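Geometric and topological summary
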There are 2 protein chains.
Amino acid sequence: MSFKKIETQDLAFFHKILAENRVLVDQENIDRCASDETEDFVFPPEVVLQPETTDEISQVLAYCNTHHIAVTPRGAGTGLSGGALPVFGGVCLDMRRMNHILDIDTDNFQVTTEPGVITEALQNAVIEKGLFYPVDPSSRGSCFIGGNVAENSGGPRAVKYGVVKDSVLNLEVVLPDGSVIWTGANTLKNATGYNLTQLLTGSEGTLAVITRIVLKLVPYPKENLLILVPFYSASDACAAVNRIFLAGFTPSALEFMERDALTCAMNYYQSNTIAIPDDIQAHLLIEVDGNNKEVLFGEIEGISEVLSAFRTGEVLFAESHEQKQELWKLRRIVGEAVKNGSIYKEEDTVVPRSRLPELLQTVKAVGNKYGFKSVCYGHAGDGNLHVNIVKGDLDDKTWEEELPTAIREIFHYVHSVKGTISGEHGIGYVQRPYMDIVFNDIQLGLMREIKKVFDPNGILNPGKVF
Amino acid sequence: MSFKKIETQDLAFFHKILAENRVLVDQENIDRCASDETEDFVFPPEVVLQPETTDEISQVLAYCNTHHIAVTPRGAGTGLSGGALPVFGGVCLDMRRMNHILDIDTDNFQVTTEPGVITEALQNAVIEKGLFYPVDPSSRGSCFIGGNVAENSGGPRAVKYGVVKDSVLNLEVVLPDGSVIWTGANTLKNATGYNLTQLLTGSEGTLAVITRIVLKLVPYPKENLLILVPFYSASDACAAVNRIFLAGFTPSALEFMERDALTCAMNYYQSNTIAIPDDIQAHLLIEVDGNNKEVLFGEIEGISEVLSAFRTGEVLFAESHEQKQELWKLRRIVGEAVKNGSIYKEEDTVVPRSRLPELLQTVKAVGNKYGFKSVCYGHAGDGNLHVNIVKGDLDDKTWEEELPTAIREIFHYVHSVKGTISGEHGIGYVQRPYMDIVFNDIQLGLMREIKKVFDPNGILNPGKVF
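Rules behind the numbers
Residues numbered from 1 in each chain as written. Chains lettered and ligands numbered in written order. Predicted model: local features only at pLDDT ≥ 70, side-chain atom pairs only at ≥ 80, totals over all residues. Heavy atoms only, no water. Core = buried A, V, L, I, M, F, W, Y, C linked by side-chain atoms within 4.5 Å. Buried < 20%, exposed > 50% of the residue type's maximum accessible area, 1.4 Å probe, protein only. Contact = heavy atoms within 4.5 Å. Salt bridge = Lys/Arg side-chain N within 4 Å of Asp/Glu carboxyl O. Helix = DSSP H or I, 4+ residues; strand = E, 2+ residues; numbered from the N terminus. UniProt positions renumbered as here; feature names shortened; annotations may be inferred. Disulfide = S-S within 2.5 Å. Phe/Tyr/Trp six-rings, centres within 6.5 Å; stacked < 30°, edge-to-face > 60°. Lys NZ or Arg CZ within 6 Å of the ring centre and 35° of its normal.

1. A closer look at the nonpolar core
- Judged by nonpolar contacts, the single largest core of 182 residues is most densely connected at Phe256, Ile450 and Phe454 of chain A together with Phe256, Ile450 and Phe454 of chain B.
- The contact partners of Phe454 of chain B, leaving out residues within four places of it in the chain, are Leu446 and Ile450 of chain A together with Leu175, Pro176, Leu196, Leu199, Leu200 and Leu207 of chain B.

2. Some details on the pattern of salt bridges
Residues and elements named next belong to chain A.
- Under the definition given, this model contains 62 salt bridges over all chains.
- Measuring nitrogen to oxygen at the nearest pair gives 2.7 Å for the salt bridge that ties Arg32 to Asp94. Here Asp94 lies in strand S4 (residues 91-94) and Arg32 lies in helix H2 (residues 27-32), a separation of 62 residues in the sequence.
- A residue is classified by how much of its surface remains accessible, and Arg32, at 25% relative accessible area, is partly exposed.
- With relative accessibility at 0%, the residue Asp94 sits in the buried group.
- Between Asp136 and Arg140 there is a salt bridge, with its nearest N and O atoms 3.6 Å apart. Of the two residues, Asp136 and Arg140, neither departs from the other in class, the shared state being buried.
- One continuous salt-bridge network, built from bridges that share partners, spans Glu120, Asp136, Arg140, Arg157, Glu287 and Arg332.

3. Focus: the UniProt feature "domain: FAD-binding PCMH-type" (unreviewed entry) in chain A
- The feature "domain: FAD-binding PCMH-type" (unreviewed entry), as given by UniProt, occupies residues 40-220 of chain A in the numbering adopted here.
- Secondary structure content for residues 40-220 of chain A is 22% helix and 23% strand, and the end C-alpha separation is 38 Å.

4. Digging into the state of the cysteines
- Taken as a whole and assessed by the stated rule, the structure comprises zero disulfides over all chains.
- Cys376 of chain A carries a free sulfur, and the closest cysteine sulfur to it, the one in Cys238 of chain A, is 8.5 Å from it.
- A relative accessible area of 0% means that Cys376 of chain A is categorised as buried.
- We note that Cys33 of chain B lacks a disulfide partner, and the nearest cysteine sulfur, in Cys92 of chain B, lies 3.8 Å from it.

5. Topic: the packing of aromatic side chains
- One pass over the structure, following the stated rule, counts 27 aromatic pairs over all chains.
- When the ring of Phe3 of chain B is compared with that of Phe88 of chain B, the centres are 5.3 Å apart and the planes differ by 65°; the resulting orientation is edge-to-face. Residue Phe3 of chain B is located in the segment before helix H1 (8-18), and its partner Phe88 of chain B is located in the loop between strand S3 (71-74) and strand S4 (91-94); the two are separated by 85 residues in the primary sequence.
- On the basis of relative accessible area, Phe3 of chain B is assigned to the buried category, the value being 13%.
- Seen in terms of ring centroids, Tyr268 of chain B and Tyr269 of chain B are 6.5 Å apart; in terms of plane orientation they differ by 45°. Their pairing is tilted.
- On the accessibility criterion, Tyr268 of chain B (31% relative accessible area) is partly exposed.
- Its guanidinium or amino end placed over the ring of Phe109 of chain B, Arg353 of chain A lies 5.3 Å from that ring's centre, counting from NZ or CZ.

The following block contains the structure:
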């Protein structure tokens, strides 16, 4: 792929549309938009554009499409698969100024928002109206809702409430030729033509630029209870996950953390909230929510009964709002904490839930074979295990040459049990080399042709997914 | 569009693949497959093929694709938009022999099934394992799960559990060129490439033939309660729907029936279960489900409190399993009952829930203007109102010439409030003329191009959707 480089006349055109202060070529903005939260990649864009309206985006895209300039849409840059990296330079379409919540429809439990709104801000705005947008990636305090839709994000509550795709009702998007369309209707059901809404959700900015999002909301659950359960065996903790569901419980979160994950988070925060005995190997963080506290206590009791079949340490029951916040803070920071200490690669494996113990064993066995260490944690209730592979003392040669082979081995296992290589982070830039493990030429061919339907010149987020 | 007619050598080829008894040209089978439950259309196929395996379908499609023979996949023929009508003749791919449930995965709450399984049979099979497949169209006693996926069906429980698309995890499909692919993974979340699973769900047999389906299940709720609430005003009944949700309740069903809908069903069944006072204009059928009977009684109490703000008649609380069955039987038979008495057209309007009273008023106002009567009922909790327009004494000229104009008027209203023209029946054959109301040339162009990606020769279910 090759694209036209940005020249003076291109900047002049962008100035006309966006005014000077939203056409940025200063080093600080170029540097900021050259990276996201994925490893240590640096791919500087040639210019950073900050549109404020759908119409501005339409004009920018039409121009870039005609002149064959690469365009990489960027949310908050919290992605973990390199989706926002401008790997071919060109335009970074920085969505941060499209940060307005347009309408909270309390009659129909819907919110219409621009893509540059921080997910947690969106959540808080609807909570004020007694409503709940339940999808909360760990980065919710900084990520944008538009990026969440583009990557089909998940997070701890997906186990009960689903991922982003389960909340998206309708999208306004701009196609590469500048056309603006809505993908569906603002209804809870829709059997009218092909499901463009679901096709665009999770398409990682490669088909169109999302400019407005209509999300389904639910009534805000008034109560929740949270427990942290220590296990003497990580494999037991994984096995316990499935038993909880088999007993008929649907927690609103069911998170797994290896010992190292939690200790790493505590060190990073210099927190000493939790005393972890030496022989504890893993924890489950379990939340139930609803409107009836009695019922929730009953559920926690039932879950505890399930867990009594396993060797667990003393269960920590979060007594106060603050204690709940503290436990969630620790869980949410694990990724950042693990990465802080070493060069790393993060994988986002997902399997049918009952395979979780086997997946963990496979990861560790492959690690032993190739000599790498990993810290595993994630959304066990969904069968979604984040595998943070840390370089530590590994020599550069092994890291660069053998690690891809080791990762392929893990992914081949995942595929063999009908799982897949990304549960919620997306393929983006870093997982592209592994797509052949889960898709053959026919499946990839269909996807490539769909890409061509939307983006015949291939200007949108080039170098991603395929 | 024109297709090659079936000739002797084509039948000879089909005989080689399917054996003689599954290549049917007898009048009875041709007649059976010439119609579905949509109005009184008759489009006979030239041959009915009854494959038993994915491989047989693959060979049939590859042949038809090469020879440009039209292929119309057929489930149980219960569709209400004419999706299974072979409007260009050719092959009817009758899926009834692919009727095996392949695997009920009680560890992961998943079922893998062939498409020709009757939906209710599938539900019963998983209930035996303590699991629940919640999507139940009114035709569940005869419709096939494959047809449900093709049309993205709904039904009364969609309000709590979602429509088919919310349960589909993975599909095996055969493309028109005979290629066989899986669309995704058997996982609860998946951020790996474009969402082919969701693109194919609801694509009405126009992109590929579905041969295996992996569905997500949930634990079977042990208890449910059901009430029938009479209203003195249909508009009040519609308005009450939204109030129930605003008060924080999520019933497992919330069905609306105009007076005529229920009386029609009772007459059809010669049932006298319910005494309907003369001044009752509509009913809501409300179900709650869960595992804790106390909680459910509390919910019914709460809902009753909400309803006390409206003028309602005496609430019927279903005391026994039999009484529940009876009420559901009446609700499920409404469509069939209304159609039994007259030539009719059935519309499947859907709007944001709070617009329901306005939608009902619009339907009635348009009816008054053009002189037609309608019986309205449906899944009010989803904002999904079925409008059965009955011909009654209307003269043929008005029925044929003016009704389309009247329907357009209703659909324009629906679109103006961000609703759409089909909530769960699909576009199929009968709603095609109205697609321009909800989609412009750009949206339709994208869909047509996607169709070409999958089916470049246009052999699959031609004459549908577009």
